[in-house]
Amino acid sequence: MTHPPYLSPDYKSTVLRAPGQDLVMPRLGPDSIELASPVFGHQELGRLDDDLTRQHSGEPLGERIIVTGRLLDASGRPVRGALVELWQANAAGRYAHLGDQHPAPLDPNFTGAGRCLTGDDGRYRFVTIKPGAYPWRNHTNAWRPAHIHFSVFGTAFTQRLVTQMYFPGDPLFAYDPILRSIPEQKDRDRLVSRLDLDTTTPEWALGYQWDIVLGDTPMEA
Amino acid sequence: MTDILEPTPSQTVGPFFGYALPYAEGPEVVPGWHPDAITVRGRVLDGAGDPVPDALIEIWQADAEGRTPSGLGGLRRESHDFSGFGRCGTDPAGRYWFRTVKPGANGQDAPHIAVLVFARGLLKPVRTRLYFPQDADAHANDPLLAAVPAGRRPTLVAEAEDARTYRFDIQLQGERETVFLDI
Ligand SMILES: [Fe+2]
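First, a word on scope: everything that follows refers to the structure included in this document. Note that the coordinates shown come from a computational prediction; the quantities given were computed from them, not determined experimentally.

Glancing now at the coordination of the iron ion. Residue and element names in this part refer to chain A. The iron ion binds to the protein through Y95 (OH), Y134 (OH), H147 (NE2) and H149 (NE2); the donor distances cover 1.9 to 2.2 Å. For the iron ion, the four donor atoms in the first shell make angles of 89 to 158 degrees at the metal, a pattern classed as irregular. For the iron ion, all donor residues lie on one chain, and their spacing in sequence is Y-x38-Y-x12-H-x1-H. With Y95 in the loop between β2 (83-87) and β3 (113-117) and Y134 in strand β5 (residues 134-136), this pair connects stretches of sequence that are 39 residues apart. When its relative accessible area of 0% is taken as the criterion, Y95 is described as buried. Taking relative accessible area as the criterion, Y134 reaches 6% and is therefore assigned buried.

Following the criterion strictly, the structure yields 22 salt bridges over all chains and no others. Note that R160 of chain A is salt-bridged to E58 of chain B, the shortest N-O span being 2.6 Å. Of this pair, R160 of chain A sits in the loop between β7 (147-152) and β8 (161-166) while E58 of chain B is found in strand β2 (residues 55-61), placing the two residues in two different chains. A relative accessible area of 3% means that R160 of chain A is categorised as buried. Classification of E58 of chain B as buried rests on a relative accessible area of 0%. Here R95 of chain B and D91 of chain B are joined by a salt bridge, their closest N and O atoms 2.9 Å apart. The exposure class of R95 of chain B is partly exposed, given its relative accessible area of 47%.

Our next topic: the sheet that holds β2 of chain B. All names here are of chain B. Spatial strand order, β3-β2-β5-β6: four strands in an open sheet with antiparallel pairing. Either end of the sheet is taken by a strand with one partner, and the two such strands are β3 (85-89) and β6 (126-131). Mean inter-strand twist for the sheet, computed between neighbouring axes without regard to direction, equals 25 degrees. With six bridges joining them, strand β5 (residues 112-119) and β6 adopt antiparallel strand pairing. Residue H112 lies in a different strand from β6, and its bridge partner there is Y131.

A few words on the pairing of β2 of chain B. Residue and element names in this part refer to chain B. Burial of β2 is extensive: seven of the seven residues sit out of reach of the surface. Burial of β2 is two-sided: the residues A55, I57, I59 and Q61 facing one way and the residues L56, E58 and W60 facing the other way are all buried. Bridge count between β2 and β5: seven bridges; the pairing is antiparallel. Paired with A55 across the two strands is A119, which belongs to β5. With five bridges connecting them, β2 and β3 associate as antiparallel partners.

Contacts between the two partners involve 81 residues from chain A and, on the opposite side, 74 residues from chain B. For the pair chain A and chain B, the summed buried surface comes to about 6,500 Å²; carbon and sulfur atoms form 59% of the total. Of all residues in chain A, the largest losses of buried area upon contact with chain B belong to R17, V24 and I33 of chain A, amounting jointly to 13% of the total for that side. Across the contact surface, chain A and chain B share four salt bridges. Joining chain A to chain B, the criterion identifies 44 residue pairs in polar contact (both at pLDDT 80 or more). Looking at the side of chain A that touches chain B, the elements that each hand over two or more residues are β2, β3, β7, β8 and β11 (212-213) of chain A. Looking at which element gives the most residues to the side of chain A that touches chain B, the answer is β8 of chain A, with five residues. Looking at the side of chain A that touches chain B, its residues break down into 41 nonpolar, 26 polar and 14 charged.

Before going further, it helps to spend a moment on the packing of aromatic side chains. Residue and element names in this part refer to chain A. According to the stated counting rule, one finds 16 aromatic pairs over all chains in the structure shown. Aromatic pair Y11 and W136: ring centres 5.6 Å apart, planes at 65 degrees, arrangement edge-to-face. One end of the pair, Y11, is in the segment before β1 (64-72); the other, W136, is in strand β5, and 125 residues separate them in sequence. For the pair formed by Y11 and W136, the shared burial category is buried. Between F126 and F150, the ring centres sit 6.4 Å apart and the planes meet at 80 degrees, which makes this aromatic pair edge-to-face. Here F126 is found in strand β4 (residues 123-129), whereas its partner F150 is found in strand β7, with 24 residues between them in sequence. Comparing F126 with F150 shows no difference in burial state: the two are buried. Of the aromatic side chains, those joined through ring pairs into one cluster are Y124, F126, F150 and W210. Over the aromatic face of W136 sits the side chain of R144, whose NZ or CZ is 5.9 Å from the ring centroid.

Inspection of the secondary structure assignment puts H149 of chain A in strand β7. Here H149 of chain A falls in the buried class, since its relative accessible area comes to 3%. Of note is the side chain of H149 of chain A, whose polar atom sits 2.9 Å from the side chain of Y95 of chain A. Engagement of the side chain of H149 of chain A in a polar contact is seen with the side chain of H147 of chain A, the distance being 3.1 Å. In this structure H149 of chain A touches E85, L86, W87, Y95, Y134, T163 and Q164 of chain A together with T12 and V13 of chain B, once residues within four positions along its chain are discounted.

Parameters and conventions
- Residues numbered from 1 in each chain as written.
- Chains lettered and ligands numbered in written order.
- Predicted model: local features only at pLDDT ≥ 70, side-chain atom pairs only at ≥ 80, totals over all residues.
- Heavy atoms only, no water.
- Donors = N, O, S within 2.8 Å, 3.2 Å for Na, K, Ca; no water.
- Tetrahedral: all angles 85-135°; square planar, octahedral: opposite > 155°, others 65-115°.
- Helix = DSSP H or I, 4+ residues; strand = E, 2+ residues; numbered from the N terminus.
- Buried < 20%, exposed > 50% of the residue type's maximum accessible area, 1.4 Å probe, protein only.
- Salt bridge = Lys/Arg side-chain N within 4 Å of Asp/Glu carboxyl O.
- Pairing = 2+ DSSP bridges.
- Axes fitted to C-alpha atoms, helices over the stretch in contact; angles between N-to-C directions.
- Contact = heavy atoms within 4.5 Å.
- Buried area = accessible area lost by both parts, 1.4 Å probe.
- Polar contact = N/O pair within 3.5 Å; in protein donor to acceptor, adjacent residues only side chain to side chain.
- Nonpolar A, V, L, I, M, F, W, Y, C, P; charged D, E, K, R; others polar.
- Phe/Tyr/Trp six-rings, centres within 6.5 Å; stacked < 30°, edge-to-face > 60°.
- Lys NZ or Arg CZ within 6 Å of the ring centre and 35° of its normal.

In C-alpha cells form, the structure reads like this:
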C-alpha cells in the first residue's frame, strides 16, 4: 500500500485520531459528486502567489530555491489547470503560525504560503526559500526533516491530496515517524525531490524537481 | 492500458496549515443574504471525545438543482458564483461552519454534501458524506447508504437545529465513530 495507514503509533497524534472501524467501500455512480472536482481560475490567485520571496518589502533570509514538477494522473497524463498550494517553515525552521513555539527567529520578509495553477503540461513552479528542520514534541529530540507541505486538487474530489515534499539526502529521514509511517521505502522515496541543475538558475537559485502523481479514480480503476 | 504510475503518498496536513490554507470566504459557499442559505456546523472530536482544534474541513456539493458545479470562484467569490466548494479550519473548540444551499437530489442519490477532513494526526484525510434529516424516504434508496451497516447510518445524517441550521459532528474514532469512506 502506498499511503500510510491511519494508525501509526510512533506518530503519537494518530492514536486518538485514527478511525478504528472498517471503512465503507461504496460503488460510486458515474455522476457522483466525488468524481468531479472544484475548479479554480487564475483570477482567484494573486500575482505573487507563486513567488514566496517577493511577498514582502524585502527579501527573506535563507537559501533561495526553485521548486517545480508535474502533476500527473496514474496514466502519466498531465493534470492541467489544477490548484497547487504549499506552505512551509522559514530558513530557521519557524512557521509564521501563532501556534509554533519553536524559539527560532521569524522572518518579517517571509510568510511561507503560496498557490499556483498547473500549466498545460501539468507543471507547477514556485520560487521560495529552503525551509529549516524544526523540533516537535512527538518524542524526546524529535526533529522533522526539512519539508514543504503541498495540497493539490485533481479532476475528482477522490484524488484530493495533501502531502509533504522532502529534500534529498536528509539525515533526519531515518528518525522521522511521519515519513516512516509510509510502509515501503520505495514509496517514501517518492516524496523526496531531486536536485536538478537544469532547473537551477546560475548565480541565483538551486532548482528541485518533484512530480506528483494522483490516485486512480474508481471510474478508471 | 498505459503504464500505471504509483500515486504520491499522503502525509499529514500537520498543525501549522492555519495561516496558509483557510481563507476568509472559505466557509461562505453562498453569501449570507442568499434567500436559500443554510448553515451547516459541528465539531470534530477525537477518540477521547476531545475537540480537534487543528482540523481542516472541505465540502464539495451539487447546487440546489442537483447539478455538479463547474464554475470558478472557490477562492475569491463573487455574489453570483456557486462553486460548490468550501473550506473551514476548526477553532479551539473543534468547531467548523459553512453557509451554503441544500443540494438537490441527483438520480437515486439523496441530497448530500461530500466532506473531507484533514488534521494533525491524520496521515491521510477521512472522507464522508453529510445527508439531511428531512430526506428519510430518499435515504432508503440511496446506493451509498445501502452499503453502510444500518446501525451506523445515523452518523451520516445531520441533525436539524432549526429550519436553516444543521449540525453534523464528525467523530474520528470510538463508539459513535462517523462512517468513513474508502473512495
Ligand atoms: Fe511542517
